[in-house]
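Observations on chain architecture
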Amino acid sequence: MPAKSFDVIVIGAGPGGYVSAIRAAQLGLNVAIVERENLGGICLNWGCIPTKAMLRSAEVFHLMHRAKEFGLKAEGIGYDLDAVVKRSRGVAKQLSSGVAHLMKKNKVTVVMGAATLSAPGRVSVRTDTGTEDLQAASIVIATGARARELPGLEADGDLVWTYRHALQPKRMPKKLLVIGSGAIGIEFASFFNTLGADTTVVEVMDRILPVEDAEISAFAKKQFLKQGMKILEGATVRKLDRAPGKVSAHIESGGKTEVTEFDTVISAVGIVGNVEGLGLEALGVRIDRTHVVTDEFCRTGVPGLYAIGDIAGAPWLAHKASHEGVMVAELIAGGHPHPIKPGSIAGCTYCQPQVASVGLTEARAREKGYEVKVGRFPFIGNGKAIALGEAEGFVKTVFDAKTGELLGAHMVGAEVTELIQGFVIGRALETTEADLMETIFPHPTLSEMMHESVLDAYGRALHF
Ligand SMILES: Cc1cc2nc3c(=O)[nH]c(=O)nc-3n(C[C@H](O)[C@H](O)[C@H](O)COP(=O)(O)OP(=O)(O)OC[C@H]3O[C@@H](n4cnc5c(N)ncnc54)[C@H](O)[C@@H]3O)c2cc1C
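Residues numbered from 1 in each chain as written. Predicted model: local features only at pLDDT ≥ 70, side-chain atom pairs only at ≥ 80, totals over all residues. Heavy atoms only, no water.

1. Remarks on the overall build of the protein
Under the convention used in this document: Helix numbering and strand numbering both begin at the N terminus, where a helix is a DSSP run of H or I of at least 4 residues and a strand a DSSP run of E of at least 2. Here the globule rule reads 2.2 Å times residues to the power 0.38, and the radius of gyration is calculated from C-alpha atoms. Whether a residue is buried, partly exposed or exposed follows from its accessible area with a 1.4 Å probe, protein chains only, as a fraction of its type maximum: under 20%, in between, or over 50%, in that order. It only takes one pair of heavy atoms within 4.5 Å for two residues to be counted as in contact. When charges are counted, Lys and Arg are positive and Asp and Glu negative, with His and the chain ends excluded. To locate a charge, take atom NZ for lysine, CZ for arginine, CG for aspartate or CD for glutamate.
Scanning the protein from terminus to terminus reveals 13 helices and 24 strands. Radius of gyration (C-alpha) of the protein: 23 Å, near the 23 Å computed for a compact globule of 464 residues. For the C-alpha atoms alone, the extent of the protein along its principal axes is close to 70 × 60 × 50 Å. Counting all 464 residues of the protein, 51% fall into the buried class. In the protein, once contacts between residues fewer than 6 apart in sequence are set aside, the share between residues at least 24 apart is 61%. The positive charge centre, built from 49 side chains, and the negative charge centre, built from 52, are 3 Å apart in the protein.

2. Some points on helix α4 (residues 81-105)
Inclusion rule: Any helix carries an expected span of 1.5 Å times its number of residues minus one. Side-chain atoms alone can form a polar contact between residues adjacent in sequence; in general such a contact is a pair of N or O atoms within 3.5 Å, and within protein one must be able to donate a hydrogen while the other accepts it.
Under the 1.5 Å per step criterion, the end-to-end length of α4 is 36 Å for 25 residues, consistent within 8% with the ideal 36 Å. The N-cap of α4, judged by a side-chain oxygen 3.1 Å from the amide nitrogen of Asp82 a few residues on, is Asp80. The positive-phi residue at the C-terminal boundary of α4 is Lys107, with phi of around 55°.

3. What to know about unusual backbone geometry
A cis amide bond, omega -5°, links Ala314 with the succeeding residue Pro315. Counting through the fold element by element, Pro315 comes out in the loop between β19 (305-307) and α8 (318-332). A cis geometry characterises the amide bond from Gln352 onward to Pro353, with omega recorded as 0°. Phi is positive for Lys107, close to 55°, though the residue is something other than glycine. Unusually for a residue other than glycine, Glu415 sits at a positive phi of about 60°. Positionally, Glu415 belongs in the loop between β24 (406-413) and α11 (416-428). Looking at Glu415, the relative accessible area reads 34%, which means it is partly exposed.

4. Some remarks on the pairing of strand β15 (residues 264-267)
For clarity, the cut-off: The criterion for strand pairing is that DSSP finds at least two bridges linking the strands in question.
Burial of β15 is two-sided: the residues Thr264 and Ile266 facing one way and the residues Val265 and Ser267 facing the other way are all buried. Two strands pair when backbone bridges link them, and strand β8 (residues 160-161) and β15 are joined in this way by two bridges, in the parallel orientation. Paired with Val160 across the two strands is Val265, which belongs to β15. With four bridges joining them, strand β9 (residues 175-179) and β15 adopt parallel strand pairing. The residue bridging Leu176 from the neighbouring strand is Thr264, located in β15.

Below you can see the structure in the form of structure tokens.
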């Protein structure tokens with residue numbers, strides 16, 4: 001059978017791929033998308049969305065325990081883990097079906113199967129019923145990533161879990177070890193700890209949430225410790241000895257190794273790109289460790305071949321993947337999109353308290369030679385935070401003392417993952433301290449703390 005012809009073929013239907021397909025179709029291109037598992041990719045099925053559904057259950061559970069503080073009564077508070085998971089899977093399914101609807105609406109041809117680049121401009125798809133050949137002048141690789149497995153710490157789905165197992169746990173861990181304190185590790189630690197698991201987090205770096213501003217990491221750590229979590233920083237899990245129903249973890253810290261027993265381990269030590277089996281090497285695509293090397297427009301160097309999202313490297317975030325998808329679609333359609341500014345991509349962690357940031361940390365700004373002005377404002381100084389019963393946290397802003405440019409914003413506390421976008425817009429518009437100080441923030445809102453933090457950087461905070 002002759003190959004079916006399209007203007008664009010997108011491989012992988014995660015937030016990078018499916019958004020790219022929609023934008024390309026909007027621009028009048030004839031688009032096919034190939035997906036081997038679920039429309040929506042990791043994000044909608046095994047990442048961003050189902051984790052947030054589970055964390056919401058934990059948050060409600062936590063609030064139910066605080067009912068008395070709000071003048072309410074809640075008795076016999078408990079949870080049904082299967083029902084929590086069922087809700088999370090239902091939310092994921094709903095969104096994945098939504099992507100199917102969007103593909104139909106935008107007349108994108110969906111081919112379910114595993115794609116390989118068989119020759120320049122040619123894609124061969126292994127489907128349930130055989131092989132389908134497609135061709136297009138432009139091909140977008142958006143095959144994403146999967147959990148990194150370290151030797152000796154490999155997941156087995158029973159005692160040692162990756163995020164996929166942790167999203168559909170067969171049992172509630174009693175004594176849980178989480179290896180890695182990046183966003184994924186900390187979110188699972190927060191979820192299981194809130195539901196009552198005796199949770200230990202081991203982080204190889206000298207502090208948890210190591211990419212965040214040091215003050216944010218320290219504040220979050222204090223809150224987690226208060227919630228009963230155990231945290232080992234500058235520590236390495238060297239070995240896991242598995243026996244029926246238990247794992248003995250050899251944890252090295254400060255030159256000493258201790259062996260501690262757990263019934264469950266979650267390995268959250270990073271991700272690796274899905275570069276294998278695509279035929280990339282044969283086409284001359286450069287791969288650095290497990291990521292495709294691209295330029296600032298996601299071009300691979302092979303004419304007509306682009307790579308976006310997790311497969312194209314850090315930051316491994318859905319909104320980065322989607323934005324690259326749009327940019328590439330516009331490029332293919334003959335547009336002149338702007339390259340992505342990595343410093344304007346916010347990172348959010350939905351633990352309790354939440355953490356969110358954009359731009360440079362204070363330390364990084366100083367390392368880069370900036371003379372900085374730093375502002376801080378605590379949740380305790382904000383009326384809305386107190387009314388919500390969420391008075392723990394703070395907002396920190398970092399400015400270039402010479403120009404007033406907002407270099408970075410860092411937050412920890414309730415709903416900061418919603419607030420951060422205000423500063424993202426600020427950075428996108430190259431906002432200075434003067435613009436932010438002149439902005440009128442609505443009252444009473446948590447966003448007023450963003451204003452106050454800016455004012456504080458210039459010695460003008462009003463409510464603290
Ligand atoms: C537990 C967890 C929580 C997360 N939470 C967040 C969050 O809160 N916010 C955030 O921004 N990010 C979060 N992420 C990261 C986010 O999920 C990824 O950054 C995002 O999914 C990347 O999108 P993508 O389109 O590049 O790839 P993916 O979403 O990984 O999609 C790639 C798709 O390609 C398909 N595929 C792979 N190879 C082939 C092939 N050969 N043929 C056909 N199809 C193929 C895969 O099946 C997959 O569906 C989280 C990740 C995890 C694991």
